[in-house]
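Chain residues, written in single-letter form:
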Amino acid sequence: GEDVEQSLFLSVREGDSSVINCTYTDSSSTYLYWYKQEPGAGLQLLTYIFSNMDMKQDQRLTVLLNKKDKHLSLRIADTQTGDSAIYFCAESDTGFQKLVFGTGTRLLVSP
Amino acid sequence: DGGITQSPKYLFRKEGQNVTLSCEQNLNHDAMYWYRQDPGQGLRLIYYSQIVNDFQKGDIAEGYSVSREKKESFPLTVTSAQKNPTAFYLCASSIRRTSGSLNEQFFGPGTRLTVL
């Protein structure tokens, strides 16, 4: 079955760039997603990338996709304390409705 | 305001009791989902429903039940058969997706269930 893996923690200083990595197993995924979860809250979609793209940029966010290695990354430029949260990558399964989520990476931004 | 509401935010129950978690959406979405979140394990899918009066088991359905009698509502019952029910439960909804299309899910704020 599908499996999505992430490292559990990342700590950076305010103003630095953060890079959160994700590996997945389903090569037929059509979309890959990054969701953000703030403490005690639900998830919000941050950005997504279609599988035929290598890169997508959206303001401070850059998503890189390496389909050959099944590797996805999210780069946050000029990281702020408000970026502290858990970041989940997810893939759409080959069926209709399921998203498969990674374990989440907790990003801690210190002043 | 359109969105998803879950109530209550915190819920405490004694072991052996069934408990029902509420999820309501006014986004006119056909599909709804229940996830369980445990530390270090990410989100795991419990049940999902693509349309009213229809639902499918997810990856960890044992000990849970759902109903989908109305488009807006998808309540989850945690039964006494669920061996480790203490967790954070998240409800989500989306438009009904066709194969290969974008699946943006909108999440509620979650319910933290503690079984004593």
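Below, the structure is looked at part by part. (Residues numbered from 1 in each chain as written. Chains lettered and ligands numbered in written order. Predicted model: local features only at pLDDT ≥ 70, side-chain atom pairs only at ≥ 80, totals over all residues. Heavy atoms only, no water.)

## With respect to the overall build of chain A
And step 1. Secondary structure summary: chain A contains zero helices and 11 strands in total.
And step 2. When the helices and strands of chain A are listed from N to C terminus, the series reads β-β-β-β-β-β-β-β-β-β-β.
And step 3. Scaling as 2.2 N^0.38, a compact globule of 111 residues should have a C-alpha radius of gyration of about 13 Å, and chain A matches this with 13 Å.
And step 4. Principal axes of the C-alpha set define a box for chain A whose edges measure 45 × 30 × 20 Å.
And step 5. A buried classification covers 46% of the 111 residues belonging to chain A.
And step 6. Here the contacts in chain A between residues at least 6 apart in sequence split such that 56% fall between residues at least 24 apart.
And step 7. Counting only carbon and sulfur atoms, one obtains 49% of the accessible surface of chain A, whose full area is about 5300 Å².
And step 8. Each charge class in chain A was averaged separately, 10 positive and 14 negative side chains, and the resulting centres sit 2 Å apart. (Helix = DSSP H or I, 4+ residues; strand = E, 2+ residues; numbered from the N terminus. Rg over C-alpha atoms; globule rule 2.2 N^0.38 Å. Buried < 20%, exposed > 50% of the residue type's maximum accessible area, 1.4 Å probe, protein only. Contact = heavy atoms within 4.5 Å. Areas by Shrake-Rupley, 256 points an atom, 1.4 Å probe, with all protein chains shown as cover. Lys, Arg positive; Asp, Glu negative; His and termini not counted. Charge placed at Lys NZ, Arg CZ, Asp CG, Glu CD.)

## A word on the side chain of S18(A)
Residues and elements named next belong to chain A.
And step 1. Mapped onto the elements of the fold, S18 is located in strand β3 (residues 18-24).
And step 2. Judged by its relative accessible area of 0%, S18 falls in the buried class.
And step 3. A polar atom in the side chain of S18 sits 2.8 Å from the side chain of T79.
And step 4. With residues up to four places along the chain from it excluded, the contact list for S18 reads L10, V12, L74, R75, I76, T79 and L107. (Polar contact = N/O pair within 3.5 Å; in protein donor to acceptor, adjacent residues only side chain to side chain.)

## Thoughts on the sheet that holds strand β1 (residues 4-6) of chain A
Residues and elements named next belong to chain A.
And step 1. The antiparallel open sheet is built from five strands, whose spatial order is β1-β3-β8-β7-β6. Lying at the two open borders of the sheet, with one neighbouring strand each, are β1 and β6 (55-58). Direction aside, neighbouring strands of the sheet carry axes that sit 15° apart on average.
And step 2. The sheet contact formed by β6 and strand β7 (residues 61-66) spans four bridges and is antiparallel. If you follow M55 over to β7, its bridge partner there is L64. (Pairing = 2+ DSSP bridges. Axes fitted to C-alpha atoms, helices over the stretch in contact; angles between N-to-C directions.)

## Describing the state of the cysteines
And step 1. Evaluated as defined, the whole model comprises two disulfides over all chains.
And step 2. With its sulfur 1.9 Å from that of its partner, C22(A) forms a disulfide with C89(A). When the S-S torsion is 70°, as for the bridge of C22(A) with C89(A), the disulfide is right-handed. Within this pair, whereas C22(A) is found in strand β3, its partner C89(A) is found in strand β9 (residues 85-92), the two being separated by 67 residues in sequence.
And step 3. Looking at C22(A), the relative accessible area reads 1%, which means it is buried.
And step 4. What pairs with C23(B) in a disulfide is C91(B), and their sulfur atoms sit 1.8 Å apart. When the S-S torsion is -75°, as for the bridge of C23(B) with C91(B), the disulfide is left-handed. On the criterion of sequence distance, the pair formed by C23(B) in strand β3 (residues 19-25) and C91(B) in strand β9 (residues 87-94) is long-range, its members being 68 residues apart. (Disulfide = S-S within 2.5 Å.)

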